[in-house]
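Listed here are the chains, written in short residue letters.
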Amino acid sequence: MLQSLFDGILVGSVLALGAIGLTLIMHILRFANFSHAELLSLGAYFALTFDAVFGAVSNVLVQKLPWLSVTWSLACAVLIAMALTGATAAIIDLLVFRRLRRLAGPLTMVFASFGVSLIVRNVIGLVYGLRSTHYNNDIVFAMMISADPLLLVKADQIFIMCLALVIMVALHLVLTRTSIGYTLLAVSENPTLAQVNGINLGATVRLAWMLGGGLAAIAGFCYALNNQLSPVMGRDLVLSLFAAAIVGGIGSIYGAVLGGLIVGLASSLALIIIPAGYKPAIPFLIILATLYVRPNGLFGQSR
Amino acid sequence: MSSVARLDVSELTAGYVAGMPIISSIDVTVGVGEIVAVIGPNGAGKSTLLKAIAGLCHIESGAIHVDGTEVTGIRTDKLTRSGIAFVPQIENIFRSMTVEQNLILAGRRCDKQASSHVEKMLSLFPLLKKTYKKRAGELSGGQRQFLALAMALVAEPGLLLLDEPTAGLAPIAGQEVLSILREIANPGVGILLVEQNAKAALGLADRAYVLADGHNQHEGEARAMLSDPVLGEIYLGGRRRGDHAAKPV
């Protein structure tokens, strides 16, 4: 039970980071972006690439952070991955979705997002190969903090939870204390009223793509650190991300955080009573239950 | 105060979908510090007119000038930053944000001294002081309208476009909202007011336009319209006489 709770919070933290960008874009642009999950894969692989680059450039960076299997080069690579994934998200919008917003309806954009996700997934497979990999081969020997048979915890997992918490607190401070945060909240709640209040919608949409992409990169890195890198990790996570966004309420950033934790905990706790093979069905059940009981999610507003 | 003040709309044809105009060949002017009412039956295109001026509609033809400068088709955010404020009829506040955050956000479109402007708004609308830290979604209907007005005024616009500010309000709250408009217009702010309560709007305005089926039907002094028996019967709730058709402008 204790282990399931811990695992649930861990997975939920990763889902929360990934769902924030998804919920923002879904609410502002009013389409379900199925390619968002591929940004997690992209971010994770960008981090892998730059980890290798930094590791080759400097021997100092190959040193591991205390207690963790993460090297300094990987930590630096994650920052680069965030920026690159954010930029990639904005470029995908520029090349694909922006044009479709003008010429076609939301349904076309949903199908286009399927196409984009397939393209991104296959390009990753083409460049990095279809085999799963790890950031560090030592990762499987990561130090255990708790050897209690009821609760097995790795230092990397604590690091992931702390990182997610720090990012969420930082995001909260940005949203509630800065004009950029007010702008994002305003556009996510009511894009027309935001324009009426002098907000440049196009620039804010680009910002939302970049923020969503950056957070997806961290989520992808965290997921890969705890599991493994695979070109299909986006496909495996997409339903859980949508469940998190829907449970929290489309458009609500705080809802996405809570939704991520709920989906993570539910998926993990469900394994106590159902066989592991049924785990992928849990997010789907959560989506159905939420839409049935509370169609606008926990924090969502009817539009 | 922004330098923007006078609005000239000429031959404006606009709608929500290209090729399907809601309003046709509309002419409207609003002078410095003038309150101009736009009245007419439901579906006349009153709100569409305001949205078209605010850059939220597809403009087919015609021109919009502000202080002699053409602003037709200018992006809404640029237009509102240049001194035109628009208060939509519904969803005119950010419900998930506090009153303070709403005002700060709206004040950003004027200049860097937004905080001093926010103070001014709190003295103009003392009710908002008490609810300053509350979420806007928790406010009453009247308080929300005051907040929407304060958000429009915090950037010190020269021209205010108001879409049915009393809609959905209790009569007393509606009267409070309308009574503050004269106070707003006195320093020179022009107001273009769309209002369902035609009598109240004509009682407040200097001039008025009557729209029907997307066209200008009448224009003139508001008080004269209020006492016009023909208009009274057709548009102000009087008995309709079939042989008294409104005279086109």
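This text follows the structure it describes.
None of the values given here were measured: they were computed from a predicted structure.

Q: How would you sum up the overall build of chain A? Please name residues and give values.
A: Secondary structure summary: chain A contains eleven helices and two strands in total. Tracing chain A from N to C terminus, the helices and strands come up as α-α-α-α-β-β-α-α-α-α-α-α-α. Taken over the C-alpha trace, chain A has a radius of gyration of 19 Å; the compact-globule value for 303 residues is 19 Å, and the two agree within 12%. With respect to the three principal axes, the spread of C-alpha positions in chain A is 55 × 50 × 40 Å. Per-residue burial for chain A yields a buried fraction of 52% across its 303 residues. Total accessible area computed for chain A in this model is approximately 13700 Å², and 71% of it derives from carbon and sulfur atoms.

Q: So what's going on with the state of the cysteines? Residues and values would help.
A: On inspection of all chains with the given rule, the structure shows zero disulfides over all chains. Between Cys222 of chain A, a cysteine without a disulfide, and Cys162 of chain A, which holds the nearest cysteine sulfur, the sulfur-to-sulfur distance is 11 Å.

Q: Could you give an account of the nonpolar core, with specific residues and numbers?
A: Grouped together as the largest cluster of nonpolar side chains are 170 residues, with contacts concentrated most on Tyr135 of chain A together with Leu160 and Leu192 of chain B. No other element matches the 13 residues that helix α1 (residues 2-29) of chain A contributes to this core. Those residues in contact with Tyr135 of chain A that lie beyond four places of it in its chain are Ala44, Ala47, Leu48, Asp51, Leu74, Phe221, Ala224, Leu225 and Leu229 of chain A.

Q: If you had to explain the interface of chain B and chain A to someone new, which residues and values would you point to?
A: Each partner contributes residues to the interface: chain B has 22 residues there, and chain A has 18 residues. Taken as a group, Phe94, Gln101 and Leu105 of chain B account for 27% of the area that chain B buries against chain A, more than any other trio of residues on that side. Put simply, chain B and chain A have zero salt bridges between them. Remark: the boundary between chain B and chain A carries seven residue pairs in polar contact (both at pLDDT 80 or more). Of all the secondary structure elements, the ones that give two or more residues to the side of chain B that touches chain A are α2 (76-81) and α3 (99-107) of chain B.

Q: Tell me about the packing of helix α5 (residues 155-177) of chain A against helix α8 (residues 201-226) of chain A, and name the residues and values.
A: Residues and elements named next belong to chain A. It is the contact of α5 with α8, at a shortest axis distance of 9 Å, that shows an interaxial angle of 165 degrees. When the axes of α5 and α8 are compared, the pair comes out roughly antiparallel. The handedness of the crossing between α5 and α8 comes out as left-handed. Contact residues: Asp156, Gln157, Phe159, Ile160, Leu163, Ile167 and Leu171 in α5; Leu211, Leu215, Ile218, Phe221, Cys222, Leu225 and Asn226 in α8.

Q: Got a sec to walk through the packing of aromatic side chains? Specific residues and values, please.
A: Residue and element names in this part refer to chain A. Scanning the entire structure with this criterion turns up eight aromatic pairs over all chains. Here the aromatic rings of Phe34 and Phe114 are separated by 4.4 Å at their centres, their planes lie at 15 degrees, and the arrangement is stacked. Here Phe114 lies in helix α4 (residues 106-128) and Phe34 lies in the loop between α1 and α2 (36-57), a separation of 80 residues in the sequence. Classification of Phe34 as partly exposed rests on a relative accessible area of 25%. Relative to Trp209, the ring of Phe97 lies with its centre 5.7 Å away and its plane at 5 degrees, an arrangement referred to as stacked. Remark: Trp209 occurs in helix α8 and Phe97 occurs in helix α3 (residues 72-103); sequence separation between them is 112 residues. There is no split in this pair, since Phe97 and Trp209 are both buried. Through a chain of ring-to-ring contacts, three or more aromatic side chains come together here, namely Phe31, Phe97 and Trp209.

Q: Hey, could you go over the pairing of strand β1 (residues 7-17) of chain B for me, with residue numbers and the actual values?
A: All names here are of chain B. Bridge count for β1 against strand β4 (residues 58-66) is seven bridges, and the pairing is antiparallel. Bridge pairing in β4 links Leu7 to Val66. For β1 and strand β2 (residues 20-30), the ladder comprises seven bridges, and the chain directions are antiparallel. Looking at the pairing, Gly15 lines up with Pro21 of β2. Counted between consecutive antiparallel strands, the loop separating β1 from β2 contains two residues, among which Gly19 sits at a positive phi close to 85 degrees.

Q: Give me the environment of Ile35 of chain B: which residues, what numbers.
A: All names here are of chain B. Residue position: Ile35 is located in strand β3 (residues 35-39). Judged by its relative accessible area of 0%, Ile35 falls in the buried class. Taking the C-alpha atoms as reference, Ile35 lies 20 Å from Leu231; in sequence the two are 196 residues apart.

Q: Before we move on, could you go through the layout of surface pockets and cite the residues and values that matter?
A: Regions of empty space are outlined by a rolling probe, equal in size to a water molecule, passed over the atoms. When its volume is computed, the largest pocket comes out at roughly 1200 Å³. Contributing to the lining of the largest pocket are 39 residues, with Arg30, Pro191, Thr192, Gln195 and Leu201 of chain A lying nearest its centre. For the lining of the largest pocket, the elements supplying multiple residues, two or more each, are α1, α3, α4, α7 (191-196) and α8 of chain A together with α1 (46-53) of chain B. Broken down by element, the lining of the largest pocket gets its largest block of residues, six residues, from α3 of chain A.

Q: Tell me about the packing of α1 of chain A against helix α9 (residues 233-248) of chain A, and name the residues and values.
A: Residues and elements named next belong to chain A. Where α1 contacts α9, the two axes come as close as 8 Å, and the packing angle between them is 65 degrees. On the basis of their axis angle, the class for α1 and α9 is roughly perpendicular. Considering only the axes of α1 and α9, their crossing is right-handed. Within the contact between the two elements, α1 uses Leu15, Gly18, Ala19, Leu22, Thr23 and Met26 and α9 uses Leu237, Ser240, Leu241, Phe242, Ala244 and Ala245. Along the lines of polarity and charge, the residues of the contact of α1 with α9 split into nine nonpolar, three polar and no charged.

Q: Please give an account of the side chain of Asn190 of chain A that cites residues and values.
A: As for its placement among the helices and strands, Asn190 of chain A is situated in the loop between α6 (179-189) and α7. Setting aside anything within four residues of it in sequence, one finds Asn190 of chain A in contact with Glu91 and Phe94 of chain B.

Q: Any chance you could break down the pairing of β3 of chain B for me, citing the residues and the numbers?
A: All names here are of chain B. Burial analysis of β3 places five of its five residues in the buried class, the great majority of the element. Of the two faces of β3, the one carrying Ile35, Ala37 and Ile39 and the one carrying Val36 and Val38 are both buried. Here β3 runs beside strand β8 (residues 190-194); their pairing, made up of four bridges, is parallel. Its bridge partner lying in β8, Ala37 is registered against Leu193. Relative to strand β9 (residues 207-212), β3 runs parallel, the two sharing four bridges.

Definitions and limits used
Residues numbered from 1 in each chain as written. Chains lettered and ligands numbered in written order. Predicted model: local features only at pLDDT ≥ 70, side-chain atom pairs only at ≥ 80, totals over all residues. Heavy atoms only, no water. Helix = DSSP H or I, 4+ residues; strand = E, 2+ residues; numbered from the N terminus. Rg over C-alpha atoms; globule rule 2.2 N^0.38 Å. Buried < 20%, exposed > 50% of the residue type's maximum accessible area, 1.4 Å probe, protein only. Areas by Shrake-Rupley, 256 points an atom, 1.4 Å probe, with all protein chains shown as cover. Disulfide = S-S within 2.5 Å. Core = buried A, V, L, I, M, F, W, Y, C linked by side-chain atoms within 4.5 Å. Contact = heavy atoms within 4.5 Å. Buried area = accessible area lost by both parts, 1.4 Å probe. Salt bridge = Lys/Arg side-chain N within 4 Å of Asp/Glu carboxyl O. Polar contact = N/O pair within 3.5 Å; in protein donor to acceptor, adjacent residues only side chain to side chain. Axes fitted to C-alpha atoms, helices over the stretch in contact; angles between N-to-C directions. Parallel < 35°, antiparallel > 145°, perpendicular 65-115°, else oblique. Left-handed = near helix turned anticlockwise from the far one by under 90°. Phe/Tyr/Trp six-rings, centres within 6.5 Å; stacked < 30°, edge-to-face > 60°. Pairing = 2+ DSSP bridges. 1 Å grid on protein atoms, 1.4 Å probe; cavity = no way out; pocket = protein on both sides within 12 Å on 5 of 7 lines; lining within 4 Å. Points joined across faces, edges and corners; volume = space filled by probe spheres on them. Nonpolar A, V, L, I, M, F, W, Y, C, P; charged D, E, K, R; others polar.

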